[in-house]
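A closer look at the structure
The lines below spell out each chain.
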Amino acid sequence: MTKRLLAFFFAAIMIFLPYPGECQIYVSNKGEDANAGTISQPKASIHSALRQARELRRLNDPSIKNGIHIIVSGGNYFLDEPIRIRPEDAGTNDSPTWIEAAPGGQPVLSGGIQINHWKKVIANIQGISKTARGNVWVADVPLMGGRNFEFRQLWVNDQKAIRAKDGNGDNMQRILSWNKKEQTCWIPTPKMNLANTASLEMFIHQWWAIAILRIKSYQVHGDSTRLSFHQPESRIQSEHPWPAPWISKETGNSAFYLMNALQLLDEPGEWFLDVPNHKLYYWPRNNENLLTATVIAPALETLVKIEGTIDHPVSNIFFKGISFEHTGWLRPSLYGHVPHQAGMYMLDAYHLKTPGTADKKTLENQAWVGRPAAAVEISFADTTGFEDCRFVHLASTGLDYNKGVHDNLIKGNLFKDIGGTAILAGVFSDEATEIHLPYNPKDEREVCSGMQISNNLITDATNEDWGCVGIGAGYTKNTIIDHNEIENLSYIGISMGWGWSPTANAMKNNQITGNKIHHYGKHNYDCAGIYTLSAQPGSMINENYVDSIYKAKYAHLPSHWFYLYADEGSSNFTVKDNWTPSTKYLQNANGPGNVWSNNGPQVSENIRHGAGLQKSYQYLLKDKSATLQQLPINIERNELIELVAKEGAELDLQKLKNILQQNNMDTTAIYHWQNHYVLFQKVQDISVMSGRLQNNFPEATVKVYYEPFYEFNRSNCKEKSTAKEWDHIILTANLVANENLQKEYLNYHATQFTKWPELSKGFCNANFQQVLVYKSGRQLMLVISIPKGSSLDELNPKTTENNPRVIEWNNLMKKYQEGIQGTKKGETWVFLNKINNW
């Protein structure tokens with residue numbers, strides 16, 4: 001017999017005897033739990049199969065010597081309760097237990113219930129808007145255990161539907177004010193009457209987090225409405241200092257929307273659940289037929305719970321090829337949801353009147369947090385794993401390895417359409433422990449250790465709680481996070497650490513290596529592709545790829561984002577050989593021992609292309625979602641800060657130079673006109689820098705010009721190449737005081753590329769590299785960037801060559817502009833000259 005035939009012979013044996021010498025228990029959704037669990041008489045549930053396996057282990061049956069395979073046929077398995085795996089189910093190194101898909105099958109463990117028998121709404125039901133009439137369908141919702149069935153998520157043909165809200169698409173409004181003492185918020189009065197709406201909620205964006213608040217009272221006062229909220233979230237929301245509602249004339253107050261009222265159901269894809277009357281209303285999308293669609297609402301929060309004890313952990317249990325789908329999370333409906341960070345919701349939080357704790361002398365707040373529910377929850381478990389599984393359509397966390405977990409593997413899985421964090425590992429803070437206290441238990445068995453999170457695709461996670469993360473590692477040690485691809489997130493890609501302190505704790509020897517993180521920060525800033533906290537001796541961040549942060553529409557500070565971010569207390573990290581498009585990094589209040597080297601766009605192409613999923617796992621990439629978004633991407637740009645000395649006064653330029661040197665900034669990029677001084681350059685943290693300038697020049701006014709409201713660059717030209725080096729010309733003027741004229745001016749610039757394309761053509765013809773216009777109050781800053789060594793006097797006339805529309809534009813803009821204080825009569829734009837001689 002030839003070697004080739006011999007190989008074929010043994011392969012054939014393996015096809016017909018897939019698990020030689022091992023115990024097999026078969027499960028099928030067409031089986032019966034009373035069956036023997038054979039391939040011809042399968043059981044109906046994994047629950048029953050686990051019980052059979054448990055008995056075999058209890059009796060030390062010879063058939064389990066080499067392990068137990070629970071083989072699950074393809075199809076849906078709708079669960080009434082979580083599958084529980086206990087110490088008695090544990091395998092051994094020689095005899096593990098696998099719970100796995102049958103060859104060619106895709107078993108789905110679902111926590112959902114299918115909603116059927118849809119009918120188009122014909123009657124004029126109170127609350128349905130004129131826009132929605134004739135478009136809305138209704139179905140009866142069953143009772144659950146004799147009680148009303150309540151849920152916050154809905155999937156139609158595997159696409160998440162939208163809980164009815166005001167503001168179509170991603171549009172949100174801005175709050176008017178927040179009164180912490182009264183625990184109230186003022187908002188613009190909505191167009192529809194919501195005064196007597198039960199179960200109305202507010203979703204509010206605040207700094208790096210969001211909050212969901214149940215509305216208690218709704219009092220209309222003309223064009224403004226006063227909201228108050230139910231407890232306990234009302235107290236927590238108004239007492240905690242970080243993060244808080246954002247109030248800013250420059251960047252806009254916190255964005256919000258109202259949700260969960262029938263009156264708000266006003267566009268395709270939205271739904272509303274009338275809980276007391278057991279009715280579900282839905283406006284189908286164009287491609288949906290509710291007579292044939294699969295509509296699923298979640299009934300369970302957790303599908304699988306693996307739980308041992310510190311002395312008797314669960315061990316040697318492995319899942320392969322299983323899909324975990326359709327979980328809900330009802331806590332926000334019962335208690336509201338006010339997270340501190342990474343989705344950890346606050347149980348209590350407040351500002352300290354007298355700052356300082358034993359560990360941190362400047363600490364000004366206290367907080368205690370809870371942990372969100374997860375589709376799969378694991379604690380006190382060793383040597384378990386998930387491979388080639390799917391975690392999709394989940395309301396909160398996907399997979400959570402919490403306390404007392406060691407040497408576990410998460411490899412080659414898909415995490416998609418996750419409302420919260422895809423993967424959590426390690427303790428963050430126990431509910432009884434204040435979050436700033438270092439966690440270092442006397443019994444080290446509590447500490448998460450030896451996790452490996454490798455070659456997973458995480459996409460479209462954090463799509464409900466925008467402050468969650470792709471992978472969140474709390475107090476862990478010896479953890480490896482490598483070769484994952486993480487994309488399409490609302491906030492951070494990988495977050496490692498907790499505690500905000502350089503004090504020694506349980507964390508050490510962690511590694512973040514070879515990951516590909518892109519298209520993150522869709523909604524929340526103060527973020528990065530990779531983010532760390534606290535002391536982690538021996539830890540390494542290397543050879544990762546981080547790129548393409550979204551341009552967040554409602555970010556509190558438009559430039560407060562980073563590729564790499566070592567936050568408070570980060571200590572003893574080595575950060576090297578990470579590829580990023582620029583060196584926009586932040587090291588905020590770090591501890592000792594950090595080493596940063598060779599990070600940025602110069603890192604080798606081998607590292608750049610080697611990051612992300614390794615070849616044998618790239619089949620997962622078919623489920624990527626970021627490219628479908630087509631949302632704008634942010635890039636690092638120069639920041640613009642103005643210092644205005646008192647009239648007739650000058651700044652101490654040597655002092656300013658010293659401050660710039662201390663902050664690794666260019667001392668030559670200062671522009672000046674009379675008592676106005678402008679810095680235009682890259683700044684690590686513009687909010688921190690503006691604070692430092694104000695502290696050093698208390699008599700001056702420090703103004704930050706955030707994102708330009710107008711931007712031209714060479715991408716708007718036929719010839720798109722750019723000069724290697726630029727000179728910047730900076731001018732300033734005021735908008736006129738008339739608010740209607742100000743709006744007209746802004747609108748002209750917002751529509752320039754479509755309605756006045758000749759202006760761009762003129763800029764291209766003059767070889768302008770970029771044109772930026774900023775606004776702070778009424779004051780404008782105009783930045784024109786030209787090739788280094790060129791003259792604006794020579795280039796500017798080319799903007800109007802054979803282009804009368806540019807002349808028309810320039811004349812039109814005159815009625816919207818006037819000179820700033822100190823300009824001569826009839827003078828509008830003034831040049832700020834670069835200071836070349838100190």
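Residues numbered from 1 in each chain as written. Predicted model: local features only at pLDDT ≥ 70, side-chain atom pairs only at ≥ 80, totals over all residues. Heavy atoms only, no water.

What about the nonpolar core?
Note the threshold: By nonpolar core is meant a set of buried Ala, Val, Leu, Ile, Met, Phe, Trp, Tyr and Cys residues that side-chain atoms within 4.5 Å join together. Think of it in three bands: with a 1.4 Å probe and only protein chains considered, a residue is buried below 20% of the maximum accessible area for its type, exposed above 50%, and partly exposed in between.
If you look at the biggest cluster of nonpolar residues, it comprises 156 residues, and the most contacted ones within it are Met202, Leu258, Phe319, Phe324 and Phe386. Ile729, Leu735, Phe763 and Val773 belong to the second-largest nonpolar core, a separate cluster that totals 25 residues.

So, the sheet that holds strand β38 (residues 423-425)
To keep it simple, the criterion reads: Paired strands are those between which DSSP finds at least two bridges. Helix numbers and strand numbers start at the N terminus; a helix is a DSSP run of H or I with at least 4 residues, a strand a run of E with at least 2. For helices, the fitted line uses only the C-alpha atoms of the stretch in contact; every axis is such a line through C-alpha atoms, and the angle between N-to-C directions lies from 0 to 180 degrees.
Read across the open sheet, the 10 strands follow the order β4-β23-β30-β34-β38-β42-β46-β49-β52-β54; overall the sheet is parallel. With partners counted over all chains shown, the strands left at the sheet margins are β4 (83-85) and β54 (585-587), one partner each. On average, each strand axis in the sheet is inclined to that of its neighbour by 15°, with strand direction left out of account. Judged from the four bridges that link them, strand β23 (residues 304-307) and strand β30 (residues 374-379) form a sheet pairing that is parallel. Paired with Ile306 across the strands is Ile378, a residue of β30.

Side note on the packing of aromatic side chains
Heads up, the rule is: Stacked, tilted and edge-to-face are the three classes assigned to paired rings of Phe, Tyr and Trp, where Trp is represented by its six-membered ring and a pair needs centres within 6.5 Å; plane angles under 30 degrees give stacked, over 60 edge-to-face, the rest tilted. Only Lys NZ and Arg CZ are tested; either one counts as a charge over a ring when it is within 6 Å of the ring centre and within 35 degrees of the ring normal.
As enumerated under the stated definition, the model contains 34 aromatic pairs in all. Here the aromatic rings of Tyr545 and Trp579 are separated by 5.1 Å at their centres, their planes lie at 15°, and the arrangement is stacked. Placement of Tyr545 in strand β51 (residues 545-550) and of Trp579 in the loop between β53 (571-576) and β54 is noted, with a sequence separation of 34 residues between them. Each member of the pair, Tyr545 as well as Trp579, carries the same accessibility label: buried. Clustering of aromatic rings is evident, with ring pairs tying together Phe319, Phe324, Phe386, Phe391, Tyr401 and Phe415. In this structure, Lys516 packs its charged tip against the face of Tyr545, placed 5.3 Å from the ring centre. Directly above the ring of Phe697 sits Lys655, whose terminal nitrogen or CZ lies 5.1 Å from the centroid.

Structural notes on the pattern of salt bridges
Rules: In what follows, salt bridge is the name for a side-chain nitrogen of Lys or Arg lying within 4 Å of a carboxyl oxygen of Asp or Glu.
What the rule picks out here adds up to 32 salt bridges. For the salt bridge of Lys279 with Asp140, the shortest nitrogen-to-oxygen distance reads 2.5 Å. Of this pair, Lys279 sits in strand β21 (residues 279-282) while Asp140 sits in strand β9 (residues 137-140), and the two are 139 residues apart along the sequence. Using a relative accessible area of 28% as the deciding quantity, one classes Lys279 as partly exposed. Its salt-bridge partner being Arg778, residue Glu818 comes within 2.9 Å of it at the nearest N-O pair. Separated by 40 residues along the polypeptide, Glu818 in strand β65 (residues 817-818) and Arg778 in the loop between β63 (770-776) and β64 (779-787) bring together distant segments of the chain. Salt bridges sharing partners connect three or more residues here, namely Arg390, Lys416, Lys622 and Asp623.

Structural notes on unusual backbone geometry
Here the amide bond leading from Gln231 into Pro232 is cis, since omega sits at 10°, within 30 degrees of zero. As for its position among the elements, Pro232 is in the loop between β18 (224-229) and α3 (233-239). Going from Trp242 to Pro243, the amide bond is cis rather than trans, its omega being -15°. Relative to the helices and strands, Pro243 resides in the loop between α3 and β19 (255-259). With a phi angle near 70°, Asp158 is a residue other than glycine that sits in the positive phi range.

Thoughts on helix α12 (residues 804-813)
Condition: Here, the arc refers to the directions that run from the helix axis to the C-beta atoms. Throughout, a residue-residue contact means that at least one pair of heavy atoms, one from each residue, lies within 4.5 Å.
Taken as a whole, α12 has its buried residues at Val806, Trp809 and Met813. Down the axis, α12 shows its buried residues gathered within 55° of arc, on one side only. In the core, the buried residues of α12 are packed alongside α8 (739-750), α9 (752-755), α10 (757-765) and β65.

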